[in-house]
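# Fold and contact review
Residues per chain, in single letters:
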Amino acid sequence: MTGTRVLVLNSGSSSLKYQLLDMRDSSRLAAGLVERIGEQTSRLKHTPMAAGGDAREADGPIADHDAALKAVAQELARDGLGLDSPDLAAIGHRVVHGGMFFTEPTVIDDAVIAEIERLIPVAPLHNPANLTGIRTARALRPDLPQVAVFDTAFHTTMPESAARYAIDPRIADRHRIRRYGFHGTSHAYVSRATAELLGKAPEDVNVIVLHLGNGASASAVRGGRCVDTSMGLTPLEGLVMGTRSGDLDPAVIFHLARVGGMSMDEIDTLLNKRSGLFGLCGDNDMREIRRRIDEGDEAAALAFDIYVHRLKKYIGAYYAVLGTVDAVAFTAGVGENAAPVREAAVAGLESLGLAVDPGRNAVRGDRPRIVSPDSARVAVAVVPTDEELEIATQTYALVGKNT
Ligand code: ADP
C-alpha cells in the first residue's frame, strides 16, 4: 500500500456524505455532502480543509449516486485531491446492517455485496442506499480496495441473553429477528476514547455510552466489548429520539391497526417519522425545545421530561447489567451540546456514584472532557464522536494488513 488517504462514503437514499482523510495524522483534507439526489434541487456542499478557503456550494439537478460521486470527484480534483491519485489507499463505506454475519470491517468483493443484499429485508431503507454507494465507487475505481464498516458489528459481541427477544426461537431464526443494535461505529469509538480519557486501557473499563443525536442509542460496554445496546432489530427500539418513539408496548401497534384503523405503513411512518420529541411537541431539535421550555411551553417541558426519564431508565438498566461502571459517556449532537440533558439524566443518582459538576457541565468544547466532580465514583464524560475517523481508521488498518 502506497497511499495514505482514505475516502469515507456514507450513502443514503437521496444523499451522499463524504470525507477525505490523511491517515498519517488523521487530518481531514476535505468533506462534504450531496443532498436531494434525483431531484431538480440537488445541492453539493464541499469544504476543502486542506486547500483552505470557504465551502463551495453548487445547486442543480444531480440524477443519481453515480453523478453525485463524479461531481464529488471533480470538486476534490479542483483541490488537487483527485480520486485517481495514487495517494488514495482505500474507500471506506458505512453500511448500516451487517446482520450476524459481519462482525468486523470487511474488504468488499462480489460475495460481500451479495451478503449485504441478503440483509435488505432487515434494513429495507439503509442497505440498498449503502449498496448504491458501494457499486458507484467500485465502478469509479475498480482497482482500489473498498471496505465495508458495519453499524451493527460492534454489537455482535452481545450475549444471547441480551440479543434475543423472548419469542419462539424458530420463528425468530426463520425471519432473522434478534437485537442487532446500531450506531456501533460511534459506540466503539466513544468507549475507547472514554477509556483513554480515564488514562486506562479499554479492557480495564466499563462504560455506558449514550449516543444522543437525531437517532439515539445507549450501550453497555464491558472491557471494550458491547454487552447490551438499546436499539434492536431496527433503529426504532430504545431511547426517545428526534422523530422515533423508542420503546413501546408492541400491543400499541395492534391497537392502532384494529381500533385506530391505521395501515402498517401508516403506523411505520407514525413511529419512525412522527413520534419521539417531534411527535410529542412538534420540534425535534433540542435547542428549540430548551428555548420553548425557557418561555414556559408545557408541551416542550413534557417532551423533555419523557426523553430524560427514558434515558435515566437505560442508565440504571445498564448499570445493573455491568455491575460496576467507570464512566457514563455522552456523545453526538444532543449528548455533546445539551448540558441540561446531561444534568437531568444523572440527577438523583448520587447513590450510584453519578453526578455532574454544574460548572464543568456548562463549559463547551470539542475535546473529550469529564463533567463530574473529582469526588464522584463514576466519571460522567462528554466525548465527541467521530464516526468518519473510526471508519477511516478501520479501513486503513484492514487494507494495510492485507497488502
Ligand atoms: P444525527 O443523528 O443526524 O447525526 P447529530 O448527532 O448531528 O444527529 O445531532 C443532531 C441533534 O443534536 C439536533 O437535532 C439537535 O437536537 C441536537 N443539537 C445540536 N446542537 C445542539 C446544541 N447546541 N444544543 C442542544 N442540542 C443540540
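Residues numbered from 1 in each chain as written. Predicted model: local features only at pLDDT ≥ 70, side-chain atom pairs only at ≥ 80, totals over all residues. Heavy atoms only, no water.

### Some remarks on the pattern of salt bridges
Two side chains with opposite charge may pair up if their charged atoms get near one another. The following threshold applies: Just to be clear on terms, a salt bridge is a Lys or Arg side-chain nitrogen sitting within 4 Å of an Asp or Glu carboxyl oxygen. What counts as a helix is a DSSP run of H or I of at least four residues, what counts as a strand is a run of E of at least two, and both are numbered from the N terminus. For every residue, the accessible area (1.4 Å probe, protein chains only) is compared with the maximum for its type, and the residue is labelled buried under 20%, exposed over 50%, or partly exposed between those bounds.
Following the criterion strictly, the structure yields 27 salt bridges and no others. In this structure, the salt-bridge partner of D79 is R56, at a minimum N-O distance of 3.1 Å. Of this pair, D79 sits in the loop between α1 (65-78) and β6 (88-95) while R56 is found in strand β5 (residues 56-59), placing the two residues 23 residues apart along the sequence. The residue R360 makes a salt bridge to D374 at a minimum N-O spacing of 3.0 Å. One end of the pair, R360, is in helix α14 (residues 358-362); the other, D374, is in the loop between β13 (369-370) and β14 (379-382), with 14 residues separating them in the sequence. Owing to a relative accessible area of 29%, R360 belongs among the partly exposed residues under this scheme. According to the relative accessible area criterion, D374 is exposed, its value standing at 69%. Residues joined in a network through salt bridges with shared partners are R56, E75, R78 and D79.

### Regarding the UniProt feature "binding site: substrate" (unreviewed entry) in the protein
Stated formally: UniProt positions are given in the numbering used here, feature names are shortened, and annotations may be inferred rather than shown by experiment. In this analysis, two residues are considered to be in contact whenever any of their non-hydrogen atoms come within 4.5 Å of each other.
The sites that carry the UniProt feature "binding site: substrate" (unreviewed entry) are, in the present numbering, R94. Within the fold, R94 resides in strand β6. Beyond its immediate stretch of four places on either side in the chain, R94 contacts L9, N10, N130, V149, D151 and I391.

### Side note on the sheet that holds strand β9 (residues 206-212)
Convention followed: Any two strands with at least two DSSP bridges between them are considered paired. Whenever a helix is involved, its axis is fitted only over the stretch in contact; in every case the axis is a line through C-alpha atoms, and angles between N-to-C directions fall within 0 to 180 degrees.
The six strands lie next to each other as β11-β10-β9-β12-β14-β13, forming an open sheet whose pairing is mixed. Every interior strand has two partners, whereas the edge strands, β11 (225-229) and β13, have only one. As defined by bridge partners, β13 adjoins β14 across two bridges and the pair is classed as antiparallel. By the bridge assignment for β14, R369 is matched with V382. Across the sheet, helix α6 (residues 184-197) lies against β9, β10 (216-222), β11, β12 (327-331), β13 and β14, angled at about 130 degrees from β9, the strand it touches most.

### Some thoughts on the environment of G260
Inspection of the secondary structure assignment puts G260 in the loop between α7 (251-258) and α8 (264-273). Owing to a relative accessible area of 47%, G260 belongs among the partly exposed residues under this scheme. Taking the C-alpha atoms as reference points, G260 and R292, separated by 32 residues in sequence, lie 31 Å from one another.

### Some thoughts on the pairing of strand β8 (residues 146-150)
Burial analysis of β8 places five of its five residues in the buried class, the great majority of the element. Side-chain alternation along β8 places Q146, A148 and F150 on one buried face and V147 and V149 on a second face that is also buried. Strand direction decides the pairing type here: strand β7 (residues 106-107) and β8, joined by two bridges, are antiparallel. Each residue of the ladder has a partner; that of V107, found in β8, is V147.

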